[in-house]
Amino acid sequence: DFPPEDSGYHTYSEMTEEVEAAATEHPGIVDRTSVGRSARGRDIPAVKISDNAGTDEDEPEVLFTCNQHAREHLTAEMCLHILRRYTDNYGSDPAITDTVDSREIWVVPMVNPDGVVYDVGGTYYRGWRRNRESAPVDLNRNWGHKWGCCGGSSGSPNSPTYRGPAPFSAPETSAIRDFVESRVVDGTQQLTGHIDFHTFSELVLWPYGYTTDDTAPGMTEEEYRRFASIGRSMAATNGYTPMQSSDLYVTDGSVNDWMWAEHGILSFTFEMYPSSGGLDGFYPPDEVIQRETSRNDEAVSILLEESGR
Ligand code: 0X9
Ligand code: CA
Ligand code: CA
Ligand code: CA
Ligand code: ZN
C-alpha cells in the first residue's frame with residue numbers, strides 16, 4: 001500500500017470503494033459497471049455518469065481511462081476527480097448539470113489494477129509500468145492498430161515496452177476493446193471522445209503515434225487540424241505542451257491510434273504533472289493531487305463539449 005505520507009492516493013480497494021460510494025450516493029446519475037477482469041482476476045470497475053444512468057440514451061458518449069501504466073498513480077486520482085466533479089456538483093452547478101444531462105460519461109479509473117497493486121506492494125515503490133502476466137505486457141503497446149509496425153515497441157519480454165505476443169493479448173486491453181466495441185449501437189459508435197491519462201511531462205498528445213506524418217490512412221488533413229486545434233485549446237487551459245504524440249517519440253500499438261483509426265473517437269493522451277523528472281516524477285507527494293487534477297477541469301470540459309459536434 002501507499003506509505004502513510006502518501007495516504008491521499010487510492011489503493012485498488014479504496015478506488016473500488018469510492019466508485020461504489022458514488023453509485024450509492026448518486027443513484028440516478030451514477031451506474032457502476034465493470035469492463036472485465038485483469039490477468040490476475042481483479043475486477044476493472046467502470047462508472048457511467050449521466051441523467052438516467054441506468055438507461056442507454058441517445059447522447060454523445062465520452063470515455064476517460066486512467067492508470068494503463070501501473071506507477072502513474074496520479075492518473076487514478078484524475079479519474080476519481082472527474083467522477084466526483086460531475087456527481088457532487090450535479091444539481092448545483094448549471095454547467096456540470098447540463099453536461100451530465102446531455103452526455104454519457106464513462107470513467108475507468110484503473111485499467112491496470114494488477115500492476116498498481118504490485119507497484120505499491122513492497123517496502124518501496126517498485127517503479128512498475130506493465131501488467132502482471134508471466135511475461136508482463138506494456139498495455140500501451142498492445143492495441144491493435146499498426147501493432148508492432150514501426151519500431152515504437154519491443155518484441156522482447158524483458159523490455160519495459162514489450163508489446164506482447166499478439167494485439168490485444170493482454171486481458172486488460174481486450175477488456176477495454178470489448179467495452180468500446182459494445183458502444184457500437186445500430187452500426188454507429190456512440191463514443192466520440194476519449195482521454196487516456198498518463199504521467200508525466202505535462203503534455204497533450206494526439207494521434208497518430210506510429211508515424212511522424214500528420215496525415216496517414218484514416219487521418220485526413222482536416223481531421224488532423226481538428227485534433228491539433230482541440231489539443232491546443234485544451235493545452236491553453238492547463239499549461240501543458242500540445243503536440244502530435246509521435247513528435248515526442250514514435251509508439252506503435254498505443255491506445256489513441258486504435259481509438260481513432262478503428263472507431264473514429266477523438267482520442268487524446270494527457271501526460272500529467274510534473275513537467276520533468278526521473279523515476280521520482282511518478283511519485284509526487286499526495287499534497288499535489290487536488291491542484292494537479294483540478295488543473296484539467298477546463299480541458300475535460302472542452303472535450304465533453306467537442307464530443308457533441
Ligand atoms: O510511452 C507511452 O506509452 C506514453 N508515455 S509514458 O511516459 N506515460 O509511458 C506516451 C504515449 C503517447 N504516444 C506517443 N508518444 N507516441
Ligand atoms: Ca503527504
Ligand atoms: Ca442520460
Ligand atoms: Ca447512448
Ligand atoms: Zn504512461
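Residues numbered from 1 in each chain as written. Chains lettered and ligands numbered in written order. Predicted model: local features only at pLDDT ≥ 70, side-chain atom pairs only at ≥ 80, totals over all residues.

Under an unreviewed UniProt entry, the protein has the name Zinc carboxypeptidase and belongs to Actinopolyspora mortivallis. The heading Cofactor (unreviewed entry) in the UniProt record of the protein holds the text "Zn(2+)". (UniProt positions renumbered as here; feature names shortened; annotations may be inferred.)

Draft legend 1. Quick look at the environment of Ser34. Its place among the elements puts Ser34 in strand β1 (residues 30-37). Residue Ser34 is classed as partly exposed on the basis of its C-beta count, with 14 C-beta atoms lying within 10 Å. Taking the C-alpha atoms as reference points, Ser34 and Ala175, separated by 141 residues in sequence, lie 9.3 Å from one another. (Helix = DSSP H or I, 4+ residues; strand = E, 2+ residues; numbered from the N terminus. Buried ≥ 20, exposed ≤ 12 C-beta atoms within 10 Å, placed from the backbone.)

Draft legend 2. A look at helix α1 (residues 12-25). In a regular helix each residue adds 1.5 Å, so 14 residues correspond to 20 Å; α1 covers 20 Å between its end C-alpha atoms and thus fits that length. Close packing links the buried residues of α1 with β1, β2 (43-49), α2 (73-88) and α4 (113-119). (Expected span 1.5 Å × (residues − 1). Contact = placed C-beta atoms within 7 Å.)

Draft legend 3. Representation of the packing of helix α6 (residues 221-238) against helix α10 (residues 297-306) within the structure. With their axes 8 Å apart at the nearest point, α6 and α10 run at an angle of 155° to one another. Comparing the axis directions of α6 and α10 gives the class roughly antiparallel. Of the two possible hands of crossing, α6 and α10 adopt the one that is right-handed. Packed against α6, whose contacting residues are Ile230, Ser233, Met234, Thr237 and Asn238, the element α10 presents Glu298, Ala299, Ile302, Leu303 and Glu306 at the interface. Classifying every residue of the contact of α6 with α10 gives five nonpolar, three polar and two charged. (Axes fitted to C-alpha atoms, helices over the stretch in contact; angles between N-to-C directions. Parallel < 35°, antiparallel > 145°, perpendicular 65-115°, else oblique. Left-handed = near helix turned anticlockwise from the far one by under 90°. Nonpolar A, V, L, I, M, F, W, Y, C, P; charged D, E, K, R; others polar.)

Draft legend 4. Structural view of the sheet that holds strand β10 (residues 266-272). Taken together, the eight strands give an open sheet; going across it, the order is β1-β2-β4-β3-β7-β10-β8-β9, and neighbouring strands pair in mixed fashion. Strands with a single pairing partner mark the edges of an open sheet, and in this sheet they are β1 and β9 (241-244). For this sheet the average axis-to-axis angle between neighbouring strands, irrespective of direction, equals 20°. Of the strands in this sheet, β8 (203-206), β9 and β10 are in contact with α6, which crosses β8 at around 165°. (Pairing = 2+ DSSP bridges.)

Draft legend 5. Examining the site of ligand 1 more closely. The environment of ligand 1 is made up of 15 residues, and the closest members are Asn140, His198, Gly209, Ser245 and Thr251. Elements with a minimum of two residues in the shell around ligand 1: α7 (245-248) and β10. When residues of the shell around ligand 1 are assigned to their parent elements, the largest contribution, three residues, is made by α7. The residue inventory of the shell around ligand 1, partitioned by class, reads four nonpolar, nine polar and two charged. (Near = placed C-beta within 6 Å.)

Draft legend 6. Focus on the UniProt feature "domain: Peptidase M14" (unreviewed entry) in the protein. When the UniProt feature table is mapped onto this chain, "domain: Peptidase M14" (unreviewed entry) is found at residues 8-307. Across residues 8-307, helical content stands at 35% and strand content at 18%; the span's end C-alpha atoms are separated by 32 Å.

Draft legend 7. Quick peek at the packing of α1 against α2. Taken N-terminus to C-terminus, the directions of α1 and α2 make an angle of 10°; their axes are 11 Å apart at the nearest point. One finds that α1 runs roughly parallel with respect to α2. Between α1 and α2, the residues in contact are Met15, Glu18 and Ala22 and Ala76, Leu80, Leu83 and Thr87, respectively. Split into classes, the residues belonging to the contact of α1 with α2 amount to five nonpolar, one polar and one charged.

Draft legend 8. Summary view of the pairing of β1. Alignment of β1 against β2, held across seven bridges, turns out to be antiparallel. Paired with Gly36 across the bridge in β2 is Ile44. Linkage of β1 to β2, two consecutive antiparallel strands, is achieved through a turn of five residues, within which Gly41 is found at a positive phi near 85°.

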